[in-house]
Each structure stands twice: as structure tokens, then as C-alpha cells.
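# Descriptive analysis of the structure
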Amino acid sequence: MKSSGIGGQAVLEGVMMKNNKHCAVAVRKPDNQIEIKIDEFHGIGERGKLFRLPIFRGVAAFVDSLVLGVRALTYSSGLNEEEEKQTPKMKDTLVDIGVVALSVFMAVVVFILLPLLLSNLLGRVVHSATLLLLLEGVLRIVMFVAYVALISRLEDIKRVFMYHGAEHKCINCVENGEELTVANAKNQSRCHKRCGTSFLLVVMLVSFVLFMFIRVRAPWLRYVLRVVLIPVIAGISYEFIRLAGSSDNKIVALLGKPGLLLQKLTTREPDDSMLEVAIASVEAVFDWQAYQEKEGIAKQRRAGNRMRTFMEQGKELEKVGEGKNGELASLDRLFVTSSKRRDGGLAAAREKEDSLGMKNRTDMGQQMPVDRKEGMAGEEEDDDILRALDRFFVYENEEDASQKRRREGKK
């Protein structure tokens with residue numbers, strides 16, 4: 001199935017959703033109201049044809065997601081304070097650039113350069129270059145997973161991870177052809193193939209494979225290459241995540257499995273109020289009904305809704321029928337039970353007749369009394385039904401006659 005293209009991010013007490021040039025941030029305010037801010041976002045991917053090419057578009061998407069994410073986090077944190085500080089647009093842009101630069105610098109130092117430094121220290125004991133590269137990759141992944149597991153224990157981060165789960169559930173609900181409601185979203189998976197968590201894990205795996213082939217002797221050059229090739233690694237990782245998000249290939253699904261497992265740490269089961277916020281954010285920028293119509297999955301949703309409506313109406317009619325005339329409902333159940341038993345007896349007789357194959361008339365003669373008994377049992381049950389119907393209609397006729405006499409008496 002084709003990807004919906006919508007993506008998002010969890011923020012403080014809310015969810016940000018982006019679809020093409022439009023993005024919306026829905027936040028649950030302290031007074032329990034949902035505040036929605038809709039805006040246009042023009043990233044660096046729109047500023048040149050170079051950033052629309054494979055690999056380069058991954059670099060642009062990575063930078064755009066960082067800038068948009070910081071902006072959404074700043075907005076959501078302001079709504080949850082007593083007074084939101086208004087700052088000039090130019091100052092907001094400079095703050096965004098500063099925060100993104102600092103975030104990238106810390107990530108590069110902690111998850112790229114530090115594992116290389118530790119592996120070089122182990123080089124005094126381990127003399128195999130291949131084994132050192134393997135240790136560097138393992139250290140990088142272990143440090144990242146440990147960092148995620150550590151911050152997931154913080155109370156504020158737990159709520160952000162719950163909103164992260166709500167974001168995924170809503171997108172899965174839409175892409176699976178379900179109507180976007182709280183009840184339907186609750187039944188969806190909280191993991192998604194296009195999640196940023198999976199992207200970061202793929203970045204580490206791609207870097208491990210890439211540096212297995214790019215080897216240099218000078219220690220300082222190793223550090224330089226780790227930093228310089230980050231855009232290339234991010235671009236390759238983006239292409240894989242994009243492929244995984246729109247492909248049902250088993251090999252691609254298998255390669256994306258580690259990222260889905262890691263999302264068990266970065267997402268939590270949301271409550272209904274969080275799903276309401278995520279749904280509001282989706283509907284602010286994305287026409288999910290039109291998407292389902294275009295992909296042909298809305299028909300499945302409508303068929304399911306019609307079936308559920310039919311079943312509900314049937315149950316209501318059955319309740320009304322039993323409430324108005326319990327005796328007639330009892331007769332109907334008696335008739336159905338009798339018919340099933342009689343049909344069962346005749347079916348058993350036919351099976352026995354087929355098994356014998358008309359080979360032995362004597363055996364069939366011995367079988368006939370059993371069939372007659374089953375038929376007679378069915379006839380006796382039919383007689384019970386007829387007698388019950390007679391009593392019912394006699395009761396109805398007597399009741400109609402008494403009402404007629406009362407009307408004539410009034411005249």
C-alpha cells in the first residue's frame with residue numbers, strides 16, 4: 001500500500017503533524033482545551049533541485065525535521081506556561097538554528113566520536129582493525145539504546161512517549177483504512193516503519209557498514225571522516241526508511257525489524273485524551289477520507305461499517321420483537337430448533353445411505369426403521385408447533401372478539 005506521506009512528532013502535551021507544506025501542532029492546555037496551530041513550513045528541500053535528488057533529499061529532510069521539531073517543542077512548552085513569551089520572527093529563527101546546531105553537535109560527539117575514541121583505546125589490546133570497527137559499531141548502538149532507556153524513565157519523557165504512541169496509532173489507523181476515531185486508533189500498533197527512532201538506528205547500522213569499507217591508517221583522519229560523511233549516511237538511511245514505509249517486501253520488513261523493536265522504548269500506550277489530540281492534529285492538515293478513497297481502502301471501511309450497522313439494527317429489532325410479543329419469539333425459536341433437529345436427522349439418514357451405496361438391500365431395510373423414527377420425531381415436533389400456533393391464534397381471536405364487543409357496547 002502507498003504511504004500516506006503524513007509524518008509527525010510528539011511534543012510537550014501534544015502532537016505535531018506535517019503534510020506537504022502544512023504542519024499543525026495540537027496541544028492539550030492546562031484548562032483541558034485543545035489548542036491547534038496551523039502553519040506553512042518551507043524547508044531547504046524546496047530551495048533547489050539538488051535537494052530533490054536521492055541521498056541529498058535525505059539530508060534536507062533530516063535538517064528540516066530538526067528545525068520543525070524544535071519549533072514545535074518551543075510552541076508546546078510556551079502553551080503550558082502561564083504566559084507565552086512573544087518573540088520576533090527573526091529571533092525565533094536564530095534560536096531554532098542555535099538549538100539545532102547544539103543538538104547535532106552533542107549527538108555527533110556522544111554517538112559518533114566517543115565510540116571511536118573508546119575503540120581506539122581498546123586498540124592497545126585488540127590488534128585486529130576489523131574487530132575494532134565491530135566494537136565501535138556495537139558501542140555506538142549500545143550507548144544509544146542505553147540513552148533511550150535511561151530518559152524513558154523520566155516522568156515528563158514518559159508522557160512525551162505516550163503522545164509519540166498516539167501519533168503512530170493515528171497514522172496506522174488511517175493507512176489501514178479505518179475511520180479515524182479514538183476507538184479505532186486504540187486498536188492500532190504504536191510502532192510505525194517511518195518513525196524517526198528507526199531512522200536513527202538505521203543511521204548507526206549504515207555507518208557501521210560504510211566504515212567497514214572506508215578504512216584509513218591515520219587516527220585523526222578517522223575522526224574527520226566520521227563527521228564529514230554524516231550527511232551521506234543520513235541520506236542513505238533516509239532512502240531506506242522511505243522504502244520501508246511504502247514497501248511490503250519481506251526482506252525490507254526484516255531489515256526494518258530492529259527499528260520497530262526499538263520503538264517499544266520510545267513509545268507508550270496513550271490514553272483517550274492523547275488520542276483526541278493526535279486526531280485533531282491529523283485532521284487539521286490531512287484529508288484522510290480522500291486518501292482512503294484514492295487508495296481504494298475506504299470501501300473496506302464502509303463495508304465494515306455497513307455490516308456493523310446491520311448487526312446493531314438486527315439486535316435492536318430482536319429486542320423490540322421480544323419485548324412486544326415474547327410468545328411469538330418463543331414460537332420462532334421453537335420452530336428453528338425443530339427444523340434443525342429434523343434436518344439433522346434427515347442428513348444423518350442420507351449419510352448412512354450414501355455410505356452403504358445401495359449395495360446391500362438387507363442393511364438398508366434394517367436402516368429404514370431408524371430413519372422412520374427420526375422422521376416421526378420431526379413430525380411430532382411439527383405437531384407441537386402447530387398446536388402452539390393454534391393456541392396463539394385462538395388467544396388472538398378471543399382478544400379481538402372481546403375488543404369488538406366492547407366497541408359495540410359503547411355504541
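Residues numbered from 1 in each chain as written. Predicted model: local features only at pLDDT ≥ 70, side-chain atom pairs only at ≥ 80, totals over all residues. Heavy atoms only, no water.

Another point: the packing of aromatic side chains. Each pair of aromatic rings is reported with the distance of its centres and the angle of its planes. This structure, assessed with the given rule, holds four aromatic pairs. Note on F62 and F199: the rings are 5.8 Å apart at their centroids and 35° apart in plane angle, and the pair reads as tilted. Residue F62 is located in helix 1 (residues 56–79), and its partner F199 is located in helix 6 (residues 196–213); the two are separated by 137 residues in the primary sequence. Since its relative accessible area comes to 26%, F62 is described here as partly exposed. Relative accessible area serves as the criterion here: at 10%, F199 is assigned to the buried category. (Phe/Tyr/Trp six-rings, centres within 6.5 Å; stacked < 30°, edge-to-face > 60°. Helix = DSSP H or I, 4+ residues; strand = E, 2+ residues; numbered from the N terminus. Buried < 20%, exposed > 50% of the residue type's maximum accessible area, 1.4 Å probe, protein only.)

The four strands are arranged 1-2-3-4 in an open sheet whose pairing can be described as antiparallel. In the strand order of this sheet, the two ends are held by strand 1 (7–11) and strand 4 (34–40), each with one partner. Put simply, the sheet's adjacent strands are angled 15° from each other on average, direction ignored. Across seven bridges, the pairing between strand 3 (residues 22–28) and strand 4 is antiparallel. Its bridge partner lying in strand 4, H22 is registered against E40. Across the sheet, helix 1 touches strand 1, strand 2 (14–19), strand 3 and strand 4, and the angle it forms with strand 1 is around 40°. Sheet strands in contact with helix 4 (residues 155–175) are strand 1, strand 2 and strand 3, and its direction is about 160° off that of strand 1. (Pairing = 2+ DSSP bridges. Axes fitted to C-alpha atoms, helices over the stretch in contact; angles between N-to-C directions. Contact = heavy atoms within 4.5 Å.)

Our focus in this paragraph is helix 8 (residues 230–246). With 17 residues, helix 8 should reach 24 Å at 1.5 Å per residue; the first-to-last C-alpha distance of 25 Å fits that figure. Within the sequence span of helix 8, burial applies to I233, A234, G235, S237, E239, F240, I241, A244 and G245. Turning to helix 8, the residues buried within the fold contact helix 1, helix 6 and helix 9 (250–255). (Expected span 1.5 Å × (residues − 1).)

This paragraph deals with the side chain of S198. With respect to the helices and strands, S198 occurs in helix 6. You can call S198 buried: its relative accessible area is 4%. Within the local environment of S198, its side chain forms a polar contact with the backbone oxygen of G259, the two atoms lying 3.4 Å apart. Setting aside chain neighbours within four positions, we find S198 in contact with H192, K193, I241, G259, L260 and Q263. (Polar contact = N/O pair within 3.5 Å; in protein donor to acceptor, adjacent residues only side chain to side chain.)

The share of residues in the chain with pLDDT of 70 or more is 67%, and the mean pLDDT across the chain is 77. Of the regions scoring below 50 in pLDDT, residues 357–375 engages in nine contacts with residues more than four places distant in sequence or in other chains. (pLDDT = per-residue confidence, 0-100.)

The next point concerns the pattern of salt bridges. Counted under the stated rule, the structure contains eleven salt bridges. Between K169 and E269 there is a salt bridge, with the nearest N and O atoms lying 3.3 Å from each other. A residue pair is termed long-range when its members are at least 10 positions apart, and K169 in helix 4 and E269 in the loop between helix 10 (257–266) and helix 11 (272–285) qualify at 100 residues. With a relative accessible area of 45%, E269 lands in the partly exposed category. Between R194 and E175 there is a salt bridge, and its shortest N-O distance comes to 3.1 Å. Residue R194 is located in the loop between helix 5 (182–186) and helix 6, and its partner E175 is located in helix 4; the two are separated by 19 residues in the primary sequence. (Salt bridge = Lys/Arg side-chain N within 4 Å of Asp/Glu carboxyl O.)

A word on empty space enclosed by the protein. Enumeration over the complete set of coordinates arrives at one cavity of 30 Å³ or more. Empty space within the largest cavity amounts to approximately 40 Å³. Along the walls of the largest cavity sit L133, E136, G137, R140, S207, F208, F211, M212 and R226, which together make up its complete lining. Sorting the residues of the lining of the largest cavity by element identifies helix 3 (129–151) and helix 6 as the ones contributing at least two each. (1 Å grid on protein atoms, 1.4 Å probe; cavity = no way out; pocket = protein on both sides within 12 Å on 5 of 7 lines; lining within 4 Å. Points joined across faces, edges and corners; volume = space filled by probe spheres on them.)

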